[in-house]
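The residues making up each chain are set out below.
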Amino acid sequence: MKFKLKPTQPKKLKKTTLKRFLIRRTIFYVLPNVFFNFIIAYASFQELGYTYFFSGTQNLARLTMPMAIFLPVVLTIDIINRVIIASEQGAIEFTVDEQLNKKKLMTKLSILYGVVTGLLVLCILLLAQYNLSEYYKLDATAMALVVGVLAGVLSVVFVYLPVWRLRRWMGRRVNLVNSDTQ
């Protein structure tokens, strides 16, 4: 006896514009990312008093590198999926091309964005480490703020950047009017 599970249907979205849809999603992503990344960094750094870029048990790179790699990956996949679902439901004014391989696009963009962002943050950390003294101690509260702000910036960028790339396969929805005049 085979059991087939039906995939759950996404809930019906209200009709809106793409701009409003993205602003709303941005708020949903930015607020929790800033709050939780700040709290986690603050709690980690406060137990030590000071933190360093790469040395020590709770260093700045240990928190920022995974965030810089995985946050773009997750946000890219989620926002592309949500925009496509909204388009299929007719909730936004755009339609997505039927020939687009959605999973391939999500995979390609998420890996690209994760690697590029991770390398960029690593280069910034290495540059800061190189320019500052080897024994320079970083203030825990300031570094927790930096981690929170970085999470907020990444959240905003990776809501709009994937949709900007997806716009290549999007077109305006056309309403056909059927007029029968006799």
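Summary of the structure given here. None of these values were measured; they are calculated from a predicted model.

**Thoughts on the overall build of the chain**
Step number 1: When helices and strands are counted, the chain shows four helices and four strands.
Step number 2: In the chain, the order of α-helices and β-strands from amino to carboxyl end is α-β-α-β-α-β-α-β.
Step number 3: For the chain, the residues scored as buried account for 35% of the 182 residues in total.
Step number 4: Considering only contacts within the chain whose residues lie at least 6 apart along the sequence, 86% involve residues at least 24 apart.
Step number 5: Accessible area of the chain: about 12500 Å², with a carbon and sulfur share of 63%.

**Re helix H3 (residues 102–131)**
Step number 1: The terminal C-alpha atoms of H3, which comprises 30 residues, lie 43 Å apart, in line with the 44 Å expected from a rise of 1.5 Å per residue.
Step number 2: Looking at H3, one finds that the buried residues are Leu105, Met106, Leu109, Ser110, Tyr113, Gly114, Thr117, Gly118, Val121 and Leu125.
Step number 3: Where H3 is buried, its residues contact helix H2 (60–89) and helix H4 (140–166).

**Let's talk about the pattern of salt bridges**
Step number 1: Under the definition given, this model contains one salt bridge.
Step number 2: A salt bridge links Arg82 to Asp78; the nearest nitrogen and oxygen atoms lie 3.0 Å apart. Taken as a pair, Arg82 and Asp78 lie in helix H2 at a separation of four residues, close to a single helical turn.
Step number 3: Asp78 sits in the partly exposed class, given a relative accessible area of 22%.

**Focus: the side chain of Ser110**
Step number 1: The topology assignment puts Ser110 in helix H3.
Step number 2: A distance of 2.8 Å separates a polar atom in the side chain of Ser110 from the backbone oxygen of Met106.
Step number 3: Within the local environment of Ser110, its side chain forms a polar contact with the backbone oxygen of Thr107, the two atoms lying 3.1 Å apart.
Step number 4: Ignoring anything within four residues of it in the chain, the contact list for Ser110 reads Val73, Thr76 and Ile77.

The rules behind the values
Residues numbered from 1 in each chain as written. Predicted model: local features only at pLDDT ≥ 70, side-chain atom pairs only at ≥ 80, totals over all residues. Heavy atoms only, no water. Helix = DSSP H or I, 4+ residues; strand = E, 2+ residues; numbered from the N terminus. Buried < 20%, exposed > 50% of the residue type's maximum accessible area, 1.4 Å probe, protein only. Contact = heavy atoms within 4.5 Å. Areas by Shrake-Rupley, 256 points an atom, 1.4 Å probe, with all protein chains shown as cover. Expected span 1.5 Å × (residues − 1). Salt bridge = Lys/Arg side-chain N within 4 Å of Asp/Glu carboxyl O. Polar contact = N/O pair within 3.5 Å; in protein donor to acceptor, adjacent residues only side chain to side chain.

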